[in-house]
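Commentary on secondary and tertiary structure
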Amino acid sequence: MKCSRCSREAVVIQPYSGLSLCELHAAADITAKAKKEIRHRGGFPTGSRLFVEEDRTFRGFALRIFLADMLSARTDLLFVKDPKDADLILEPATLDDTALFVLESVCAGTQDRLIDSGKGRIAPFSVIPTDEVFWYAQRHGYQGPEPKISGNAAEFLAGFTAEHPGTRYALKNIRDALKLEDK
């Protein structure tokens, strides 16, 4: 299959957008979406102290690669070792993680977790499906295991998303809307 934006071979297929993207355009798409999510959450103001949550999976690997590339020219930011010292906490969560959190919260009757403002927390990859973040990590040298779906809610979400590709985005949008209402 060819890239929707050029004539190269596609490496990422996005059922939710109808796009097929080559390596160059897939990487650019991931970067653009993550940067937009950061801007949407208020960005990194001058002098910000940042803490990156530890995650020894492809998520954390991909987040560190992305941040290193994005922030290489920013000398006004400080990375701290303790989240208590941070102005902003960067989470390695993907779109699948966010959607699953919403689904599990509703199923468990713990919707109050959804309206927690999350102030000072940014998950740049929360708008990008897990398989695309995994591809991005592999592209940058990650050699760990492929992500596996486990648990009833995760299996249900994967099955439903296969038939309705926009499901994960809809669940994330619900969470975002609830957070706006809470303000």
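That block above? That's the structure.
Because the structure is a prediction, the values reported are computed rather than measured.

For the structure on display, the rule yields 15 salt bridges. Across the salt bridge formed by Asp-82 and Lys-84, the nearest N and O atoms sit 3.9 Å from each other. Residue class for Asp-82 comes out partly exposed when judged on its relative accessible area of 26%. Each member of the salt-bridge network shares a partner with another, and the members are Glu-37, Arg-41, Lys-172 and Asp-176.

Moving on to the packing of aromatic side chains. Following the criterion strictly, the structure yields eight aromatic pairs and no others. With a centroid separation of 6.5 Å and 65° between ring planes, the pair formed by Phe-58 and Tyr-142 is classed as edge-to-face. Taken together, the residues Phe-58 in helix 2 (residues 58–71) and Tyr-142 in the loop between helix 4 (130–139) and helix 5 (152–163) connect sequence positions 84 residues apart. Of the two residues examined, Phe-58 and Tyr-142, each falls in the buried class. Relative to Tyr-142, the ring of Phe-61 lies with its centre 5.5 Å away and its plane at 50°, an arrangement referred to as tilted. Placement of Phe-61 in helix 2 and of Tyr-142 in the loop between helix 4 and helix 5 is noted, with a sequence separation of 81 residues between them. On the basis of relative accessibility, which here comes to 14%, the residue Tyr-142 falls in the buried class. What links up through ring pairs into an aromatic cluster is the set Phe-58, Phe-61, Phe-134 and Tyr-142.

Analysis parameters
Residues numbered from 1 in each chain as written. Predicted model: local features only at pLDDT ≥ 70, side-chain atom pairs only at ≥ 80, totals over all residues. Heavy atoms only, no water. Salt bridge = Lys/Arg side-chain N within 4 Å of Asp/Glu carboxyl O. Buried < 20%, exposed > 50% of the residue type's maximum accessible area, 1.4 Å probe, protein only. Phe/Tyr/Trp six-rings, centres within 6.5 Å; stacked < 30°, edge-to-face > 60°. Helix = DSSP H or I, 4+ residues; strand = E, 2+ residues; numbered from the N terminus.

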